[in-house]
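Observations on chain architecture
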Amino acid sequence: MITSEIRVNTIFPSTLDTREGATQLAQLIREQLADNTRVDVDFKDIIFMSRSFADQFHKDIMAGDSVDIVIKNADLGIIEMLKAVSQTQNKRKPVKKSYQVLSFNNLDMLSDYSFAW
């Protein structure tokens, strides 16, 4: 198995906070995966990851085929942020767009309906 490593601190500042940065990191990982079977992503010296970065990173990584990445040297806050984002990523159900409209000819009918529940 061929493994390559991406050191995040050589590409980004110590705080990861933009969606564009997350997309850039995911693209670098995908490029490495084209040549290798596994990529180690080293988060040494990264002290913060915003929720927006984590959300976009998760979406970009999961958008394509399955990937084999290993996250190394990540701070506990980064691990927890990635876990939290991964638990909220699911397909949304469409909102029902048809509504029932009730009309009443007089207040007594409205009163009868509202007290019927």
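The structure reproduced in this document is the subject of the present report. All of these numbers come straight from a predicted model, not from anything done at the bench.

1. A few points about the overall build of the protein
Within the protein, the secondary structure is distributed over 4 helices and 5 strands. Across the protein, helices and strands are ordered from the amino to the carboxyl terminus as β-β-α-β-β-α-β-α-α. Scored against the burial criterion, the 117 residues of the protein give a buried share of 27%. A sequence separation of at least 24 residues applies to 84% of the contacts in the protein between residues at least 6 apart. In the form shown here, the protein has an accessible surface area of approximately 8,600 Å², with 52% of it arising from carbon and sulfur atoms.

2. Focus: the side chain of Asp60
Position of Asp60 relative to the elements: it lies in helix H2 (residues 51–63). Buried charged residue Asp60 carries no salt bridge. Nearest counter-charge: Arg30, at 7.9 Å. Excluding anything up to four places from it in sequence, Asp60 contacts Ala22, Thr23, Ala26 and Arg30.

3. Some details on the packing of helix H1 (residues 19–35) against H2
At a minimum axis distance of 8 Å, the contact between H1 and H2 shows a crossing angle of 30°. With respect to H2, the element H1 is oriented roughly parallel. Note that H1 runs across H2; the crossing there is right-handed. Along the contact surface, H1 presents Arg19, Gly21, Ala22, Thr23, Leu25, Ala26, Ile29 and Arg30, while H2 presents Ser52, Phe53, Asp55, Gln56, Phe57, Asp60, Ile61, Met62 and Ala63. Here the residues of the contact of H1 with H2 sort into 9 nonpolar, 4 polar and 4 charged.

Reading the values: the criteria
- Residues numbered from 1 in each chain as written.
- Predicted model: local features only at pLDDT ≥ 70, side-chain atom pairs only at ≥ 80, totals over all residues.
- Heavy atoms only, no water.
- Helix = DSSP H or I, 4+ residues; strand = E, 2+ residues; numbered from the N terminus.
- Buried < 20%, exposed > 50% of the residue type's maximum accessible area, 1.4 Å probe, protein only.
- Contact = heavy atoms within 4.5 Å.
- Areas by Shrake-Rupley, 256 points an atom, 1.4 Å probe, with all protein chains shown as cover.
- Lys, Arg positive; Asp, Glu negative; His and termini not counted.
- Salt bridge = Lys/Arg side-chain N within 4 Å of Asp/Glu carboxyl O.
- Axes fitted to C-alpha atoms, helices over the stretch in contact; angles between N-to-C directions.
- Parallel < 35°, antiparallel > 145°, perpendicular 65-115°, else oblique.
- Left-handed = near helix turned anticlockwise from the far one by under 90°.
- Nonpolar A, V, L, I, M, F, W, Y, C, P; charged D, E, K, R; others polar.

Treat this as a map of the structure, not an account of what it does.
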